[in-house]
Amino acid sequence: MFFVESLELEGLGNRSYVAGGRDRAVVVDPPRDIDRVIAMAARRGVRIAYVAETHVHNDYVSGGLELARVTGARYLVPAGAAVAFARTPVADGDRVALDEGLVLRALATPGHTPHHTSYVLEDDGRGALVFTGGSLLIGSVGRPDLVEPRLTERLARAQYASAHRLAAELDDDVRVLPTHGFGSFCSSSQTEGETTTIGAERRSNDVLTKDVDIFVAGLLAGLEDVPAYYAHMGPVNAAGPAPVDLTPPEPADAGQIAARLAAGEWVVDLRSRVAFAQGHVAGSFNFEGDGKLATYLAWLIPWGKPVTLLAETPEQIADAQRELARVGIDRPVAAATGTPGDWIREGERPASFPRARFADLAAARGRGEPMVVLDVRRDSERAPGHVDGSVHIPIHQLRGRLAEIPPGVVWVHCAGGTRAATAASLLDAAGRDVVAVDDTFDAAEEAGLALTRTDDGTTLRTE
């Protein structure tokens, strides 16, 4: 008998796993903040005997080295991974006895990285589940372009071969437990569903149903921009991450917040986009704490730039600090809680900007009001349809392309409102008049806005 539990990192779109038997367990691809993993094992009453990495991660800082040090576990890392710390190198076919009747078998699955390794958990000699990391995902595979551009096609073909090896060697009922693919940009495409098996993937996953050349061509054509902070994650993980420090940041008063803004540092407001639009510290940026905070803040902020966090409660600061530590933003230089009235100096007033729906945008256009419509979605989101005449700058490029936005009031939108709010805060801090469109993009057509769609090379207009 065995157990397996998952630890979801929703902001990053990843999962870590704790699996084992009555006495001992393995942790696969642990997050930077290892306290939650240790608590999970303690609730089960098992000792963490092994920590296993499927690969050197490019999207988050691993807690594997520190978890192995704290627990005394053996640290299993693919032999082909170039790392600067002591570990137990794992090669294809290696087996470790996990608990009574339970064996963990390494299976080389290159593609996401050249050294990528999956781990099959065998129960009484039969494969029960497989930890696939960034290899075979739910309905997709991991990206092959995060290591070196010259290797991308070669790794895409290796990814195809690895998926077919998994399907050939494992029974249909073997559960597939990937690390990536729940919203992670390490996935080559957006996936749906929470659970899967080898049999389910064999029937529906393009990597197992298409010819290799067709699959590889489609995979490469669908790859989008890589989050900028990914460039820092691999080197940090290969060098050996330092232990995480989650002690509270230094408190900041209104004068200190103003001084940090004047010095060009980032002041990040974690409140809801509704609250931020109603009133905020002029020059601050809005990244909602319950959204993809780590991904988009780490993507947009100049690496190493000091950051001060603002929130309503200390708990919100702590949650954000934990999430940011997972992507290498280790220590906010300061933090403050309360409301904008607490964060601005005496005699100053909070800044604000309006929010709107697509119906409001359509009405303003109908009245002939001068405006700039700014679309901050990704290329793949914009391709099926966009507001006619809109300017397109994906949010991760916005800071460097502000000069390209024509003069006038900027109505900024995304697919659902969250990224539009962040973009509006960037524009507001830059001194632009802005309206944040807080609406789903489906409402644009319902509002009667002219949309441009491109289907099979033909441009269609709908009113």
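Conventions used here
Residues numbered from 1 in each chain as written. Predicted model: local features only at pLDDT ≥ 70, side-chain atom pairs only at ≥ 80, totals over all residues. Heavy atoms only, no water. Helix = DSSP H or I, 4+ residues; strand = E, 2+ residues; numbered from the N terminus. Rg over C-alpha atoms; globule rule 2.2 N^0.38 Å. Buried < 20%, exposed > 50% of the residue type's maximum accessible area, 1.4 Å probe, protein only. Contact = heavy atoms within 4.5 Å. Pairing = 2+ DSSP bridges. Axes fitted to C-alpha atoms, helices over the stretch in contact; angles between N-to-C directions. Parallel < 35°, antiparallel > 145°, perpendicular 65-115°, else oblique. Left-handed = near helix turned anticlockwise from the far one by under 90°. Salt bridge = Lys/Arg side-chain N within 4 Å of Asp/Glu carboxyl O. Arc of directions from axis to C-beta. Polar contact = N/O pair within 3.5 Å; in protein donor to acceptor, adjacent residues only side chain to side chain. Core = buried A, V, L, I, M, F, W, Y, C linked by side-chain atoms within 4.5 Å.

Caption draft 1: Up close: the overall build of the protein. Assigned secondary structure in the protein consists of 16 helices and 23 strands. Taking 23 Å as the expected radius of gyration for a compact globule of 463 residues, we find that the protein reaches 24 Å, a close match to that expectation. Along the longest, intermediate and shortest principal axes, the C-alpha atoms of the protein span 70 × 55 × 35 Å. Buried residues in the protein amount to 54% of all 463 residues. Within the protein, residue pairs in contact and separated by at least 24 positions form 68% of the contacts whose partners lie at least 6 positions apart.

Caption draft 2: Fine view of the sheet that holds strand S6 (residues 88–90). Across the sheet, six strands lie side by side as S1-S2-S3-S4-S5-S6; this open sheet has mixed pairing. In this open sheet, the two strands that pair with only one neighbour each are strand S1 (3–9) and S6. Neighbour-to-neighbour, the strand axes of this sheet turn through a mean angle of 25°, independent of strand direction. In this sheet, strand S3 (residues 24–28) lies alongside strand S2 (residues 14–20) in antiparallel orientation, the contact comprising four bridges. Within S3, the position partnered with Ala19 by the bridge is Val26. Most of the contacts of helix H1 (residues 35–44) go to S1, to which it runs at about 155°, and overall it touches S1, S2, S3 and strand S4 (47–52). Strands in contact with helix H2 (residues 64–71) are S3, S4 and strand S5 (74–78); relative to S4, the strand with the most contacts, it is inclined by about 150°.

Caption draft 3: Fine view of the sheet that holds strand S10 (residues 126–133). Strand order in the open sheet formed by five strands is S7-S8-S9-S10-S11, and the pairing between neighbours is mixed. Each edge of the sheet is formed by a strand with only one pairing partner; in this case those strands are strand S7 (95–99) and strand S11 (175–178). On average, adjacent strands in this sheet sit at an angle of 25° to one another, irrespective of strand direction. Bridging between S10 and S11 involves four bridges; their strand directions are parallel. Across the sheet, the residue bridging to Leu129 is Arg175, located in S11.

Caption draft 4: View of the packing of helix H3 (residues 152–169) against helix H6 (residues 212–221). Close contact between H3 and H6 brings their axes to 10 Å; oriented N to C, the two are set at 125°. By the angle between their axes, H3 is oblique relative to H6. Remark: the crossing between H3 and H6 carries right-handed chirality. Within the contact between the two elements, H3 uses Thr152, Glu153, Ala156, Arg157 and Tyr160 and H6 uses Val212, Asp213, Phe215, Val216, Leu219 and Leu220.

Caption draft 5: Layout of the pattern of salt bridges. Counted by the stated rule, this structure contains 37 salt bridges. In this structure, Arg326 engages Asp33 in a salt bridge whose closest nitrogen and oxygen atoms are separated by 2.8 Å. Residue Arg326 is located in the loop between helix H11 (314–325) and strand S15 (334–337), and its partner Asp33 is located in the loop between S3 and H1; the two are separated by 293 residues in the primary sequence. Take Arg326 and Asp33: they sit in the same class, and that class is buried. Close ionic contact of Glu122 with Arg95 constitutes a salt bridge, the shortest N to O distance being 2.5 Å. One end of the pair, Glu122, is in strand S9 (residues 117–123); the other, Arg95, is in strand S7, and 27 residues separate them in sequence. Accessibility expressed as a relative area gives 49% for Arg95, which makes it partly exposed. The network of salt bridges with shared partners includes Asp92, Arg95, Arg105, Glu122, Arg165 and Glu169.

Caption draft 6: How the structure looks around helix H8 (residues 254–262). Those residues of H8 that fall on the buried side of the exposure criterion are Ala254, Ile257 and Ala258. Buried positions in H8, seen along its axis, are confined to an arc of 95° and lie on one side of it. The secondary structure elements touched by the buried residues of H8 are strand S12 (266–269), strand S14 (307–311), S15 and helix H12 (340–343). Where H8 begins, the side chain of Asp253 points an oxygen toward the backbone nitrogen of Gly255, at a separation of 3.2 Å.

Caption draft 7: Region of interest: the nonpolar core. Residues Trp266, Phe287, Leu297, Leu309 and Leu374 are the most contacted members of the largest nonpolar core, which totals 51 residues. Sort the elements by how many residues they give to this core and helix H10 (residues 293–300) lands first, with seven residues. Once residues within four sequence positions are removed from consideration, Trp266 is found in contact with Phe285, Phe287, Leu297, Leu300, Ile301, Pro302, Lys305, Pro306, Val307, Thr308 and Arg399. Val27, Val56, Tyr75 and Ala81 belong to the second largest nonpolar core, which has 21 residues in total.

Caption draft 8: Layout of the side chain of Thr113. With respect to the helices and strands, Thr113 occurs in the loop between strand S8 (102–108) and S9. By relative accessible area, which is 2% here, Thr113 ends up buried. Among the polar contacts made by the side chain of Thr113, one reaches the main-chain amide nitrogen of His116 at a distance of 3.1 Å. Dropping the residues within four chain positions of it, Thr113 is found in contact with His55, Val56, Asn58, Val147 and Leu155.

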